[in-house]
Amino acid sequence: MRILVRCPNPIGDAVMATPAFRAIREGFADAHVTFVARKPVDEVLWGGPWFDELWGVQRDKSVWEMGRKIRGGDFDLGILFPNSLRSALEVFLGRVKRRVGYGGRARGLLLTDRLRRTTKDTVGSYLDLVRSLDSDPGEPNLELFVTEEQERDAEDFLRRHQAEGSRIIAMVPGATYGPAKLWRNDRWAEAADALSEETGARVVLSGSPAESHITREIAAKMKTRAIDAASEGVRLGVVKALVKRSALVLTTDTGPRHFAAAFGVPSVVLFGPTEVERTRSFLDDAVVVQKKVECGPCQKKTCPLDHRCMELITAEDVIEAARKALKA
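Residues numbered from 1 in each chain as written. Predicted model: local features only at pLDDT ≥ 70, side-chain atom pairs only at ≥ 80, totals over all residues. Heavy atoms only, no water.

A. Representation of the packing of helix α8 (residues 185–199) against helix α9 (residues 212–221). Contact geometry for α8 and α9: axes closest at 8 Å, N-to-C directions at 55°. The angle between the axes of α8 and α9 places the two elements in the oblique class. As for how α8 packs across α9, the hand of that crossing is right-handed. Together, N185, D186, W188, A189 and D193 of α8 and I214, E217, I218 and K221 of α9 make up the contact between the two elements. Residue composition of the contact of α8 with α9, grouped by class: four nonpolar, one polar and four charged. (Axes fitted to C-alpha atoms, helices over the stretch in contact; angles between N-to-C directions. Helix = DSSP H or I, 4+ residues; strand = E, 2+ residues; numbered from the N terminus. Parallel < 35°, antiparallel > 145°, perpendicular 65-115°, else oblique. Left-handed = near helix turned anticlockwise from the far one by under 90°. Contact = heavy atoms within 4.5 Å. Nonpolar A, V, L, I, M, F, W, Y, C, P; charged D, E, K, R; others polar.)

B. Focus on unusual backbone geometry. Backbone torsion omega between K39 and P40 reads 5°, so that peptide bond is classified as cis. By secondary structure assignment, the location of P40 is in the loop between β2 (32–38) and α3 (41–45). Despite not being glycine, Q162 has its phi angle at roughly 50°, a positive value. Tracing the chain through its elements places Q162 in the loop between α7 (148–160) and β7 (168–172). Judged by relative accessible area, Q162 falls into the exposed class, the value being 58%. Its identity is not glycine, yet Q299 carries a phi of approximately 65°, on the positive side. (Buried < 20%, exposed > 50% of the residue type's maximum accessible area, 1.4 Å probe, protein only.)

C. Looking closely at the side chain of S135. Relative to the assigned elements, S135 resides in the loop between α6 (122–131) and α7. Non-local contacts of S135, meaning those with residues more than four positions away in its chain, are made with G27, F28 and V130.

D. Structural context of helix α4 (residues 63–71). Regarding α4, the residues found buried are V63, M66, G67 and I70. Along the long axis of α4, the arc covered by the buried residues comes to 105°, so they all point the same way. Its buried side turned inward, α4 meets β1 (2–6), β2, β3 (53–57) and α5 (85–93). (Arc of directions from axis to C-beta.)

E. Structural view of the packing of aromatic side chains. A full pass over the atoms with the stated rule returns ten aromatic pairs. The interplanar angle of 55° and the centroid separation of 6.4 Å between the aromatic rings of W50 and F51 together place this pair among those described as tilted. Here the two residues W50 and F51 agree in accessibility, since each one is buried. With 5.1 Å between their ring centres and 75° between their planes, F81 and Y126 make a pair best called edge-to-face. With F81 in the loop between β4 (77–80) and α5 and Y126 in helix α6, this residue pair connects regions lying 45 residues apart in the sequence. Given the relative accessible area of 2%, F81 is considered buried. For Y126, a relative accessible area of 5% translates into the label buried. Among the aromatic side chains, those forming a connected cluster through ring pairs are F21, F35, W46, W50, F51, F81, Y126 and F145. (Phe/Tyr/Trp six-rings, centres within 6.5 Å; stacked < 30°, edge-to-face > 60°.)

Spelled out as structure tokens, the structure:
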């Protein structure tokens with residue numbers, strides 16, 4: 001049997017799909033399983049035992065090109081984690097015999113098995129996909145793996161910054177979701193300095209190259225010396241390896257916070273416009289910082305008001321949360 005798994009596009013969602021990935025591998029142990037993931041999300045999944053092949057696909061690859069590529073794989077079953085019309089059209093054009101995913105809008109016409117979402121919880125909804133295949137969904141524990149190359153690149157990166165063997169605090173201040181999730185750069189710097197001085201740890205500022213203007217400003221405002229991984233264009237797979245070896249991760253509600261959850265690394269997560277409930281059950285090793293405001297959580301990418309949900313979070317709030325996470 002040949003199975004195609006279309007992975008989620010957001011980084012965090014891809015990590016939250018790992019319990020379902022594990023269940024698919026266990027439920028179809030004799031099948032040939034091919035994962036399709038948008039770059040650079042494929043780097044998050046490398047090292048995992050869930051697939052026989054992993055196709056990393058550039059964002060600009062057309063739906064027609066993907067349809068042709070999938071058609072060449074002669075797949076019996078396609079499992080779609082994204083809810084997009086495009087992902088359904090790709091497997092339809094690829095002539096995958098059985099196409100399973102959540103319905104809605106015109107997309108449902110392209111699927112053979114159309115499911116209805118019954119939970120807001122992201123991991124739970126992914127495991128429901130597995131249940132629809134008459135497979136045991138198993139435990140909802142997140143998991144990630146690091147390849148030897150990713151581990152080696154992380155080691156080399158720290159060595160270049162004279163931080164080999166140092167205690168690491170990873171900070172992820174950006175948010176591709178939108179500016180509503182962002183916290184003030186001066187407060188990131190204040191929290192970073194305080195925790196670096198208290199723990200003796202080196203602070204690694206992480207993010208995508210598009211977020212390097214944020215990390216550069218934070219580094220410039222800090223009194224202690226930070227390592228700016230975002231400005232160096234460190235690859236996502238190496239960020240994953242750096243999180244794994246960190247003593248603590250401080251982050252907004254963004255993808256790499258799920259790396260910490262998967263590796264069991266203590267974390268502090270700053271929530272503003274987004275709902276904690278969507279991933280609450282996977283925050284066992286996290287201390288959540290969120291202020292209750294009458295307008296939130298609004299789920300908006302850009303705040304139309306005064307950004308109070310994030311403005312009300314002080315540097316001391318985050319420092320205390322970090323102390324609590326480290327102590328625990």
